[in-house]
Amino acid sequence: KETNRIQLPRNMIENSMFEEEPDVVDLAKEPCLHPLEPDEVEYEPRSSRLLVRGLGENEMDEDEEDYESSAKLLGMSFMNRSTGLRNNAAGYRQSSDGSCSVPSLRTMVVCAIVLVIAVSVIMVIYLLPKCTFTKEGCHKKNHTMELIYPLATNGKRFPWAKTRLPSNVVPLHYDLVLQPNLTTTKFAGSVQITVNVIQVTWNIILHSSGLNITKATLTSAGWNQAKPVAVLEYPIRDQIAVVAPDALLVGQNYTLIIDYSSNLSDTYYGFYKVSYKDEHAEKRWLAATQFEPLAARSAFPCFDEPAFKATFLIKIQRDEQHSALSNMPKNITIPVAAGIVQDEFSVSLKMSTYLVAFIVANLKNISKETNRTLVSIYAMPQKLGQVEHALDTAVKLLEFYQKYFHIEYPLQKLDLVAIPDFQAGAMENWGLITFRETTLLFDNKTSSAMDKKLVTAVIAHELAHQWFGNLVTMEWWNDLWLNEGFATFMEYFAMDRTFPELQTDEEFLKVRFKTMMKDSLNASHPISSAVQSSEQIEEMFDALSYIKGASLLLMLKKYIKHDSFQAGIENYLHNHSYGSTRSDDLWDSMNEVTILDNVKKLMKTWILQKGFPLVTVKRQGKSLHVQQERFLRSVESENWTSDASYLWHIPLSYTTNKCNPFLCPYAYLLDQKSATIELQEEVAWVKFNVDMNGYYIVHYAEDDWNALIDLLKNNLTALSAKDRAHLINNIFSLVGIGKVPLLKAFHLLDYLVKENHTAPISQALFQVNLIYDLVEKRGMQDLADRVEKLLRSKIDQQTWTDDGTISEREFRSTVLAFACSHHLGNCRTTATKLFEEWKASNGTKSLPTDVMKTVFTTGAKTDDGWEFLLSMYTSSVSEAEKHKMLEALASTEDVRKLIWLMQTSLEGDLIRAQELSHIIATVIQSLPGHLLAWDFVKENWEKLIRKFHLGSFAIQNIVTVSTFQFSTEAHLLEVKTFFESKSEKVSQLRCVKEKTQCHSVCVCALAIKKACELLLLQKPG
Ligand SMILES: [Zn+2]
């Protein structure tokens, strides 16, 4: 799936990652991902005045307060809340430091006695049952029994005690009949599952969640008739056990028939309902599915693990006036009762349960045939005018993939459907891909250049999954990156090949920068890591699986060269079609086609270790000494020591002023801690990690940094635009860990006056944004002026139009958004003028799409403007336009309006709940907003996890953004205390742990603050 792209890096468009906007600012909204979004990072003095006053107060006036003093007040209020905890922590520390430091005889005796007592106490505690110290105490249940086999809901022993299903029975085919009722919003179902027995057993264990099972029978070819069977339920693991009347024999097929009913879900998961207004403004319902990763079980009993592939025959009974879609083409429609008909779809190919999908709705479509496949785009009837771009794009990309993989798309149809309320970015269900409206629809009048890139990227990603994920599937969720990393990699690759004018390789570069920021924290994780629980599985859908996975594939492709890489992929897809794989299967397929026999060994160092290396280069004459250590961002940068156990096999690449064009860039595999590379001759400069195709950061000796800085100033085209962007990112990353003084990074930026390319400038804006507010507020006007001087001419050059290449348009959008938000030039004057004209025309005058958001955001600063924008929001039929409006509405600093927006979105009526995490991400960017958002999350926590479910991308995102600005210990303690008061499941969430380990902003803000303070001491000239 694609995560919500709008909040996320764009690639993650699938399930969850999809909500962000494509400019500089949008990167920030990833799930636990980008610690440092430019606009979002705020520093202490701004923080917390709201907390002092409390969320409930409506008296909040907007007068200019002294932030410093309110911060102090605020700090005090935090202290009061958390005094108890802090005291405990302090007491603990003292006692653990104290004793036994002076070994006099007496002390030693006392210590020995204390030790004996301590050991005894520990042993007693250890031997007592764990429940002794829990709130509930010990129940009278038989603990031994419970450990081995849990109890089913009826009190009987449940015959299976593991989270993963047994492999003694495997499904072959499902015959599924569903009757969703859009009036009662309930559904009834009947499933016949044909299974094959691998090992003799009396039980069939499978998944079922929230289904009311009314009847179950079992048949076999050898039996005269179906026999009723008992069904035991163990809801904690979503498992049911069918108890057979006789032993089930090896090699035999049996058919299990289960009748059941349930409610259509009011979350975004499972078989769920969506309300919408039709073209006559009547409220209607539709029902759609989102099964990945674990929700097929809530629509029908099934073996809900990706490796249990089977074929599916789906029949849907519906009202005559609706229509139904599923993975396969419709075969036949027959009447079954008055006003009710049944659609029967063709039998599917062998596939995983999480890819099954069906929709019952009233949608309209346009279609085009290519290579015997009918491609259709579906949307609500009033939005049919916005689907053409998607259809052309999908057809082109489908043709590209078939050629590139040398494997035909195996189905006769491919539907792409815009669902009016959808949590993820999109979902790759085989033959029936579902999207958010903003990731599929393109409106000529209101969609910007960046919107076009977004739609194209999401389609490219989902189509890649038809091979990576659907045809060949990861065996278990620990290797989710095989699906998501590959689809993300292919998305950029296919766009680059098919739509080069979109320049998406620079987009890829940008998201790699962000992902490395997340991956450089200690709370990161290897992209292939063991997962069991549903929350752990949900949390795999993060930037690391998507972007780091894709980055590693890019690095491998550069190393083994494109032809080998393509042959390896083809091999892999052919060898494992309709099967499931682990990471090793991919490396084996690559090894078969490349003379470099070390692919597996090399790649294992990248997928099984978290983080990435810092490569330090020292040049002496013709020798380059290179050494590697882990790049780790931490609060105590001066105590920074690398963990020596980390070692990567790094395919280094480098270029110099003497690079031979036929051999350039040079490659060197660093598989030791250090090595020496001999150059042919002495060189003036050397640059490693060419185009940043490798996943590592490079540090140079001072002279080499100076040589590169001079090169940029005097001959910037000697390096590619990607290399220039990379140098900017690279040097600021080193500032963050205290390896390079901030002043040096600013020296490097001085070349920007000559820079005209989008990638380096947007990277510079990103980095500058992180410190801009800070330096401005601390009276470091010198530095602020310096930044402004660099950008001034770029701002003045911009026109308020949609002219130019995609890259120029994106650049304009980024620069003007930055300028208006920092009040530079006459940006706000122009934006206000455009807004007033638009308002005077009652919204009929068209605005340039690339600056539309900036115009709306400026207009929303007055009450009048805000109210007008809200009324236009409720009547617009363009999701692209609404998205820009909503962001503008949420950027107000009026507290009552912000509360209203969040509350209204949580209710999901006027503003859909799918927008909530994006609203929160925008709200926190303003001074009043960020504490407000956190209070909102705390007060509505139970509602939030009911709607979005624990571990989901939306929840990860909400937790991350609502605590994003926090950078004091008091704040972190507050966050920690809150989550610890919830269930253990909550406090174990990775995004929560990252927060409570002072992970993101805190670390980065402190590091940069320290750098700024040092700089202040040096007082730049
Ligand atoms: Zn995906």
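Residues numbered from 1 in each chain as written. Predicted model: local features only at pLDDT ≥ 70, side-chain atom pairs only at ≥ 80, totals over all residues. Heavy atoms only, no water.

A. Spatial organisation of the pattern of salt bridges. Counted according to the given criterion, the structure contains 39 salt bridges. With a closest N to O distance of 2.5 Å, K453 and E810 form a salt bridge. With K453 in helix α6 (residues 449-465) and E810 in helix α19 (residues 806-821), this residue pair connects regions lying 357 residues apart in the sequence. Looking at K453, the relative accessible area reads 3%, which means it is buried. The class for E810 is buried, based on a relative accessible area of 7%. The closest approach of N and O atoms between E887 and K853, which form a salt bridge, is 3.1 Å. Here K853 lies in helix α21 (residues 852-859) and E887 lies in helix α23 (residues 879-889), a separation of 34 residues in the sequence. Here E887 and K853 have matching classes, each one buried. One salt-bridge network, in which partners are shared between bridges, spans K453, E507, K510 and E810. (Salt bridge = Lys/Arg side-chain N within 4 Å of Asp/Glu carboxyl O. Helix = DSSP H or I, 4+ residues; strand = E, 2+ residues; numbered from the N terminus. Buried < 20%, exposed > 50% of the residue type's maximum accessible area, 1.4 Å probe, protein only.)

B. A look at the sheet that holds strand β5 (residues 201-207). Spatially, β5-β9-β8 is the arrangement adopted by the three strands of the open sheet, whose pairing is antiparallel. In this open sheet, the two strands that pair with only one neighbour each are β5 and β8 (230-234). Strand-to-strand twist of the sheet, defined as the mean angle between neighbouring strand axes without regard to direction, takes the value 25 degrees. Two elements, β5 and strand β9 (residues 239-248), share six bridges in a ladder whose sense is antiparallel. Counterpart to N203 in the pairing with β9 is V243. (Pairing = 2+ DSSP bridges. Axes fitted to C-alpha atoms, helices over the stretch in contact; angles between N-to-C directions.)

C. Region of the structure containing the UniProt feature "active site" (unreviewed entry) in the protein chain. UniProt's feature table lists "active site" (unreviewed entry) at E462, given in the numbering used throughout. Here E462 is to be found in helix α6. Relative accessible area serves as the criterion here: at 0%, E462 is assigned to the buried category. Polar contacts involving the side chain of E462 include one to the main-chain amide nitrogen of E428, which spans 3.2 Å. (UniProt positions renumbered as here; feature names shortened; annotations may be inferred. Polar contact = N/O pair within 3.5 Å; in protein donor to acceptor, adjacent residues only side chain to side chain.)

D. The arrangement of helix α26 (residues 929-939) in detail. Counted residue by residue, α26 has ten buried out of eleven residues, so it is predominantly covered. Those residues of α26 that sit buried are G929, H930, L931, L932, A933, W934, D935, F936, V937 and K938.

E. The packing of aromatic side chains, seen in detail. Counted by the stated rule, this structure contains 50 aromatic pairs. Measuring from ring centre to ring centre gives 5.8 Å for W481 and W587, while their planes differ by 25 degrees; the resulting arrangement is stacked. Of this pair, W481 sits in helix α7 (residues 480-498) while W587 is found in helix α12 (residues 583-593), placing the two residues 106 residues apart along the sequence. Accessibility assignment for this pair places W481 and W587 in one class, buried. Measuring from ring centre to ring centre gives 5.4 Å for F612 and F631, while their planes differ by 15 degrees; the resulting arrangement is stacked. Of this pair, F612 sits in the loop between α13 (599-607) and β25 (613-620) while F631 sits in the loop between β26 (623-630) and β27 (650-656), and the two are 19 residues apart along the sequence. Note on F631: relative accessible area 0%, which makes it buried. One residue, R157, lies across the ring of Y149, its end atom 4.1 Å from the ring centre. (Phe/Tyr/Trp six-rings, centres within 6.5 Å; stacked < 30°, edge-to-face > 60°. Lys NZ or Arg CZ within 6 Å of the ring centre and 35° of its normal.)

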